[in-house]
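Residue-level listing of the chains:
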Amino acid sequence: MSQSVRTRPEGSGQALSEAYDTALLDLDGVVYAGGHAIVHAVESLATARDGGMHLAYVTNNALRTPDAVAAHLTELGIPAAADDVITSAQAVARLIAEQVPAGSRVLVIGGEGLRVALRERGLEPVESADDDPAAVVQGYGGPDLPWGRFAEASYAVARGVPWFASNTDLTIPSGRGIAPGNGAAVEVVRIATGAEPQVAGKPLPPMHRETILRTGARRPLVVGDRLDTDIEGAFNGGVDSLLVLTGVTDGAQLLAAPPQHRPTYVDADLRGLLSGQPEVVAEGAGFRCGGWTATAGERLELDGDGEALDGLRALCAAAWTAAGEDACTLDGGKALARLGL
């Protein structure tokens, strides 16, 4: 995908699992939620894998090790090995290793995933700003991370030690709702020090580079539920993307997306990997997809019937064309309500 203004979702005559060699799958909101597999995920991924598609699991969550993530996926009925998992901890560890001497000490503010990734790069994790670290790295440490860890990071960063963050997602989904993510913790240290970290995770290039290096993908498809990490990361990497509506993004947010947040394809869930994607065709003053036609004036208008997702694709084409390079401000509430989205 070129970095240009997307004016409509694209179609595919082939099943996406056949058109692309590797699926770069986000986890939370795509494969599982609250620790449980999302409906249709297990069987859809099995069919895609059996058909020859390589499945890689790409997460901004730096807390768990690839071994732990793979074990969890396997327990859910999705066989996976550690090599199938790419984390922002791995991406940030590579970023640090490129800037500090081999064997350097790195102050870790986070969980075991960061420590394992640093050791993989020949770096030594330490716990105190007084351990003479060459860098500070901050990643999601879970709900029980002590407040004092942020103070430890602040002491080192204030002394001029280079500061790195695995990712800056402000929130993270949990079984009880939306919780503060690593980005919220990064803000604590930023406020205390006035410094800015180097960030590795989605949607930034270090994470995409790490993913391609580890998977060897030649024609990857990013699959995610978040516009500002998964889809923007695909845009920044110049590759195609599939947005699934099983996570944080809803129809209204999709209609309002600026170019860097507009996915190539949209589907309800991971079954979208197993089929072609309907073409969205310009027709008169609007756009047609399946049985639906959408036009844009002061409001988004929708006519027809059929699959709700076809209507959403037609609406996106109308809204994105009207918005150009800006986020769409047209009122599509009634049209979305008609689709049940």
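Quick summary incoming for the structure in this document.

### Points about the overall build of the protein
On a plain count of helices and strands, the protein comes out with 12 helices and 19 strands. With the principal axes as the frame, the protein shows a C-alpha extent of 70 × 45 × 35 Å. Of all 341 residues assigned to the protein, the portion counted as buried reaches 53%. Summarising the internal contacts of the protein: among those between residues at least 6 apart in sequence, 69% fall at separations of at least 24. If you average the places of the 26 positive and of the 44 negative side-chain charges in the protein, the two averages end up 2 Å apart.

### A word on unusual backbone geometry
Cis geometry marks the peptide bond from lysine 202 to proline 203; its omega dihedral reads 10 degrees. For histidine 40, which is not a glycine, the phi torsion comes out positive at approximately 75 degrees. By the secondary structure assignment, histidine 40 is in the loop between β3 (36-37) and α2 (41-50). According to the relative accessible area criterion, histidine 40 is partly exposed, its value standing at 23%. Unusually for a residue other than glycine, aspartate 132 sits at a positive phi of about 55 degrees. Along the polypeptide, aspartate 132 turns up in the loop between β7 (124-126) and β8 (135-138).

### Quick word on the packing of aromatic side chains
In this structure the tally under the stated criterion is 2 aromatic pairs. An angle of 75 degrees between the planes, with centres 6.2 Å apart, marks the rings of tyrosine 20 and tyrosine 265 as edge-to-face. With tyrosine 20 in the loop between α1 (16-19) and β1 (22-25) and tyrosine 265 in strand β15 (residues 265-267), this pair connects stretches of sequence that are 245 residues apart. Tyrosine 20 sits in the buried class, given a relative accessible area of 3%. When its relative accessible area of 4% is taken as the criterion, tyrosine 265 is described as buried. Between the aromatic rings of tryptophan 147 and phenylalanine 150, the centroid separation amounts to 5.3 Å while the plane-to-plane angle is 85 degrees, which identifies the pairing as edge-to-face. When its relative accessible area of 10% is taken as the criterion, phenylalanine 150 is described as buried.

### A look at the pairing of strand β14 (residues 240-244)
Counting buried positions along β14 yields 5 of 5 residues, so the element is predominantly enclosed. Burial along β14 is two-sided: the face carrying Asp240, Leu242 and Val244 and the face carrying Ser241 and Leu243 are both buried. Taken together, the 4 bridges between strand β13 (residues 220-224) and β14 define a ladder with parallel strand orientation. Looking at β14, one finds that leucine 221 is bridged to aspartate 240. In this fold, β13 hands off to helix α9 (residues 227-237), which returns the chain to β14; that crossover is right-handed.

### A word on the environment of leucine 123
Within the secondary structure, leucine 123 sits in the loop between α5 (112-120) and β7. Separated by 18 residues in the primary sequence, leucine 123 and arginine 105 place their C-alpha atoms 6.1 Å from one another. Non-local contacts of leucine 123, meaning those with residues more than four positions away in its chain, are made with Ala93, Ile96, Ala97, Val100, Pro101, Gly103, Ser104, Val106 and Leu118.

### Details of the side chain of glutamine 90
You can see glutamine 90 is positioned in helix α4 (residues 88-97). At 2.9 Å, the side chain of glutamine 90 forms a polar contact with the backbone nitrogen of threonine 87. Among all residues touching glutamine 90, those that are not within four sequence positions of it are Pro66, Val85, Ala117, Glu120, Glu210 and Arg214.

### Some details on the sheet that holds strand β5 (residues 85-87)
In space, the 6 strands of this open sheet follow the order β5-β4-β1-β13-β14-β15, with parallel pairing throughout. Pairing within the sheet leaves two strands with one partner each, and these edge strands are β5 and β15. The mean inter-strand angle of the sheet, taken between neighbouring strand axes irrespective of direction, is 25 degrees. Where β14 lies against β15, 3 bridges are found, and the strand directions are parallel. Counterpart to leucine 242 in the pairing with β15 is tyrosine 265. Contacts from α4 reach β4 (54-59) and β5, with the element oriented near 55 degrees to β5.

### A closer look at the nonpolar core
Leu25, Val31, Tyr57, Val223 and Leu270 are the most contacted members of the largest nonpolar core, which totals 29 residues. At the level of elements, α1, β1, α2, β4, α3 (66-75), β13 and β14 are the ones that each hand at least two residues to this core. Apart from residues lying up to four places away in sequence, valine 31 is in contact with Leu25, Asp26, His36, Ala37, Ile38, Ala41, Leu45, Tyr57, Leu73, Ile78 and Leu270. Counting residues in hydrophobic clusters, the runner-up holds 28 residues, among them Phe287, Leu302, Leu312 and Ala323.

Here is what the cut-offs are and how they apply
Residues numbered from 1 in each chain as written. Predicted model: local features only at pLDDT ≥ 70, side-chain atom pairs only at ≥ 80, totals over all residues. Heavy atoms only, no water. Helix = DSSP H or I, 4+ residues; strand = E, 2+ residues; numbered from the N terminus. Buried < 20%, exposed > 50% of the residue type's maximum accessible area, 1.4 Å probe, protein only. Contact = heavy atoms within 4.5 Å. Lys, Arg positive; Asp, Glu negative; His and termini not counted. Charge placed at Lys NZ, Arg CZ, Asp CG, Glu CD. Phe/Tyr/Trp six-rings, centres within 6.5 Å; stacked < 30°, edge-to-face > 60°. Pairing = 2+ DSSP bridges. Right-handed = clockwise from strand over helix to strand, strands pointing away. Polar contact = N/O pair within 3.5 Å; in protein donor to acceptor, adjacent residues only side chain to side chain. Axes fitted to C-alpha atoms, helices over the stretch in contact; angles between N-to-C directions. Core = buried A, V, L, I, M, F, W, Y, C linked by side-chain atoms within 4.5 Å.

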